[in-house]
Amino acid sequence: MADAYQKLEAKFEELAALSHAMGILGWDEQTMMPEGSGDERNFAQAKLAALAHRMVVDDETGELLERAVEERLDHWQRANLGLMRRARMQASALPSEFVERQHRAGMKAEQMWRKHRPANDWRSFLPYFEQNVALVRQEAELRSAARGIAPYDALLDLYEPGITQTDVDDWFAGLASELPELIMRAEERSRATPAQPPPGPFSIAAQQMLGRRAMEALQFDFDRGRLDVAVHPFCGGAAGDVRITTRYDESDYVESLMGVIHEAGHAQYEQNLPVQWRHQPIGAAVGMAVHESQSLFFEMQIGRSAEFLEFFAPALAAAFPHVDASVWRIENMVPVYQAVRRGLIRVNADEVTYPAHILLRYAIERDLVNGSLAPADVPERWNAEMGKWLGLETTGNDRNGCMQDVHWPSGAFGYFPTYTLGAMIAAQLADSFKREQPAWHDDWRRGDFTGVREWLSGTVWSRGSRLQMKELVAEVTGAPLDPTLYLAHLRARYLG
Ligand code: CO
């Protein structure tokens, strides 16, 4: 009788119910909540988070975890127990007084960032940034001591379990050696290819219809999910009730449509996790890099492919009858969707220049956490890295330089690498998928995505957290994560 283990499953079921409630509250906060209710919502969310934290760290959970190790368990249960132990270690690594202090400092720094970024005022923001860096160094030390791993590794591990700085250095070095030349050549080629972007305005009603149409084609389950509007697009809610959001701009429909396809990728992962393990840690998504690999598989591998564009062109033509039919020709639309331009802003970056924005942030945050870079020296370092990767200058333009992202002001260090690791994983998965299902060209042109969904479901979604990212990639593709497949994808699409 696995008595202790069964009690733990019951406890983690309660935690899953709390997390479901917090997910829907978080979605509501960003889509529906009246502004004046913010304080009350923060109060409720903080109390629920504290309750969940107490349930993981209390003595009873500790005793049950110790007893369950001795019990007879099958493979999934054993792995689930490992994730429960991990959750407890993460939750108890930091004293609650420290968590409180860091939370307040992060909220304050984020407020100050919102105030000083529009004014390009790095000097006034710096003291709050210094405080955040000091606290994250402490956090990394505390987590490092609790887990027995290096400080920056302990932060990476929060977002993608099992990856280390050595791994990331290795993967990114393979990318770095070829990226600058690839960017130069891809931009040259893109500039030399004449393309006529469809002229606006693009009505919001038509864009809503198109987003829905794309989600239907990709078989998003509208019975267990919704699409709404939010300032910052995200995928939230709960696995059995997934909420995705987008925003609309009448002068540009591509950003919203591609955003919907991206979030639909995140959503399908959540919607198709193993149902029998729904309320246990093993039934959850692995980590943020794998999550991003699913959204980027949808957005970059499918959504920006010539095949998808060919399938979707009639829907675009019908939605925007004011646009001349010749604009929707595939020879025109491919260069429009696959344009490459170096720029200062990460969130506006195309597929080829995006990884450069991540390589530079990774190098800077790694050095900040490890103590070899002082917060005050970040603008200078940022400018040097921008010059090295993209040939651009940010001196005196911190608003569009090191102050552009919310991550560091809010206290999130170790997150940035997951964006580009997600793109690398997506490219490697796509490479395997295309070799296994050579009929994908014709399927996608016809708007039939059943094959690719079934493949992703069998290889990734149905596994939950059974395998960590490195094992998952090796198991599915037969080889460890390898940047050369990602580079091959970029070369084939942008230089081919
Ligand atoms: Co994403």
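Above this text you will find the structure in question.
Residues numbered from 1 in each chain as written. Predicted model: local features only at pLDDT ≥ 70, side-chain atom pairs only at ≥ 80, totals over all residues. Heavy atoms only, no water.

K.L.:
Tell me about the pattern of salt bridges, residues and numbers included.
P.N.:
One pass over the structure, following the stated rule, counts 36 salt bridges. We note a salt bridge from Arg224 to Asp221, for which the minimum N-O separation is 2.7 Å. Classification of Arg224 by relative accessible area gives partly exposed; the value is 26%. Classification of Asp221 by relative accessible area gives partly exposed; the value is 24%. With a shortest N-O distance of 2.6 Å, Asp405 and Arg361 are connected by a salt bridge. Linking Asp405 in the loop between helix H16 (378-390) and helix H17 (407-410) with Arg361 in helix H15 (residues 354-370), this pair joins segments that are 44 residues apart in sequence. Taken individually, Asp405 and Arg361 each receive the classification buried, so the pair is uniform in this respect. (Salt bridge = Lys/Arg side-chain N within 4 Å of Asp/Glu carboxyl O. Buried < 20%, exposed > 50% of the residue type's maximum accessible area, 1.4 Å probe, protein only. Helix = DSSP H or I, 4+ residues; strand = E, 2+ residues; numbered from the N terminus.)

K.L.:
Describe the side chain of His116, naming the residues involved and giving the relevant values.
P.N.:
Positionally, His116 belongs in helix H5 (residues 96-116). Taking relative accessible area as the criterion, His116 reaches 9% and is therefore assigned buried. Those residues in contact with His116 that lie beyond four places of it in its chain are Asp121, Ser124, Phe125 and Met403. (Contact = heavy atoms within 4.5 Å.)

K.L.:
Break down the packing of helix H8 (residues 165-176) against helix H22 (residues 483-494) for me, with residues and values.
P.N.:
Here H8 crosses H22 at 30 degrees, and the two axes come no closer than 9 Å. In this view, H8 runs roughly parallel relative to H22, as classed from their interaxial angle. Of the two elements, H8 crosses H22, and the hand of that crossing is right-handed. Along its contact with H8, which presents Trp171, Gly174 and Leu175, the element H22 presents Pro483, Tyr486 and Leu487. Of the residues contributing to the contact of H8 with H22, the split by class is five nonpolar, one polar and no charged. (Axes fitted to C-alpha atoms, helices over the stretch in contact; angles between N-to-C directions. Parallel < 35°, antiparallel > 145°, perpendicular 65-115°, else oblique. Left-handed = near helix turned anticlockwise from the far one by under 90°. Nonpolar A, V, L, I, M, F, W, Y, C, P; charged D, E, K, R; others polar.)

K.L.:
Kindly report on the packing of aromatic side chains, identifying the contributing residues and their values.
P.N.:
Pairs of aromatic rings are described using the distance from one ring centre to the other and the angle between the two planes. By the definition in use, this model includes 31 aromatic pairs. Ring centres 5.7 Å apart and planes at 15 degrees place the aromatic pair Trp76 and Trp277 in the stacked group. Here Trp76 is found in helix H4 (residues 75-92), whereas its partner Trp277 is found in the loop between helix H11 (254-271) and helix H12 (288-303), with 201 residues between them in sequence. Taking relative accessible area as the criterion, Trp277 reaches 12% and is therefore assigned buried. With a centroid separation of 5.4 Å and an interplanar angle of 65 degrees, the aromatic rings of Tyr415 and Tyr419 are classed as edge-to-face. For the pair Tyr415 and Tyr419, a shared accessibility class is recorded, and that class is buried. Positioned over the ring face of Phe222 is Arg212, at 4.0 Å from the centre of the ring. (Phe/Tyr/Trp six-rings, centres within 6.5 Å; stacked < 30°, edge-to-face > 60°. Lys NZ or Arg CZ within 6 Å of the ring centre and 35° of its normal.)

K.L.:
Break down helix H6 (residues 122-147) for me, with residues and values.
P.N.:
The terminal C-alpha atoms of H6, which comprises 26 residues, lie 35 Å apart, in line with the 38 Å expected from a rise of 1.5 Å per residue. Maximal helix bending in H6 amounts to about 30 degrees, located at Tyr128. Among the residues of H6, Trp122, Phe125, Leu126, Phe129, Asn132, Val133, Leu135, Val136, Glu139, Ala140, Arg143 and Ser144 are the ones counted as buried. Elements that come into contact with the buried residues of H6 comprise H4, H5, helix H7 (151-159), H15, H16 and H17. Two residues or fewer past H6, Gly148 is found with a positive phi of approximately 70 degrees. (Expected span 1.5 Å × (residues − 1). Bend = angle between axes of the 7 residues up to and from the residue.)

K.L.:
Break down the nonpolar core for me, citing the residues and quoting the values.
P.N.:
Residues Phe129, Tyr253 and Phe320 are the most contacted members of the largest nonpolar core, which totals 111 residues. With near-sequence residues (within four places) excluded, Phe129 lies in contact with Trp122, Leu368, Pro375, Val378, Trp408 and Phe413. Grouped together as the second largest cluster of nonpolar side chains are 20 residues, Ala2, Ala68, Ala79 and Trp277 included. (Core = buried A, V, L, I, M, F, W, Y, C linked by side-chain atoms within 4.5 Å.)

K.L.:
I'd like to hear about the environment of Ala21, residue by residue, with values.
P.N.:
Turning to its location among the elements, Ala21 is positioned in helix H1 (residues 3-31). With 217 residues separating them along the chain, Ala21 and Ala238 place their C-alpha atoms 8.1 Å apart.

K.L.:
So what's going on with the environment of Tyr248? Which residues, and what values?
P.N.:
If you trace the backbone, Tyr248 turns up in the loop between strand S3 (241-246) and H11. On the accessibility criterion, Tyr248 (19% relative accessible area) is buried. Through-space distance from the C-alpha of Tyr248 to that of Phe202 is 9.3 Å; in sequence the pair is 46 residues apart. Filtering out sequence-adjacent residues up to four positions away, Tyr248 remains in contact with Ile204, Gln207, Gln208, Leu227, Val229 and Ser256.

K.L.:
Explain helix H20 (residues 450-459) to me, using residue names and the numbers behind them.
P.N.:
Every buried residue belonging to H20 is among Gly451, Val452, Arg453, Trp455, Leu456 and Thr459, and all of these are buried. Buried positions along H20 lie against H11, H12, helix H18 (417-436), helix H19 (440-445) and helix H21 (469-477).

K.L.:
So what's going on with the sheet that holds S3? Which residues, and what values?
P.N.:
Read across the sheet, three strands follow the order S1-S3-S2 without closing on themselves; strand pairing throughout is mixed. Two strands in the sheet have a free side with no partner beyond their single neighbour: strand S1 (225-229) and strand S2 (235-238). Neighbouring strand axes in the sheet, compared pairwise and without regard to direction, differ in orientation by 25 degrees on average. Pairing of S2 with S3 involves four bridges; the strand directions are antiparallel. (Pairing = 2+ DSSP bridges.)

K.L.:
Go over the coordination of the cobalt ion with me, naming the residues and quoting the values.
P.N.:
In this structure, His262 (NE2), His266 (NE2) and Glu292 (OE) serve as the protein donors to the cobalt ion, at separations of 2.2 to 2.3 Å. Counting gaps between the donor residues of the cobalt ion yields the pattern H-x3-H-x25-E. Of this pair, His262 sits in helix H11 while Glu292 sits in helix H12; the two residues are 30 residues apart in sequence, bridging distant segments of the chain. Taking relative accessible area as the criterion, His262 reaches 10% and is therefore assigned buried. Residue Glu292 is classed as buried on the basis of its relative accessible area, which comes to 8%. (Donors = N, O, S within 2.8 Å, 3.2 Å for Na, K, Ca; no water.)

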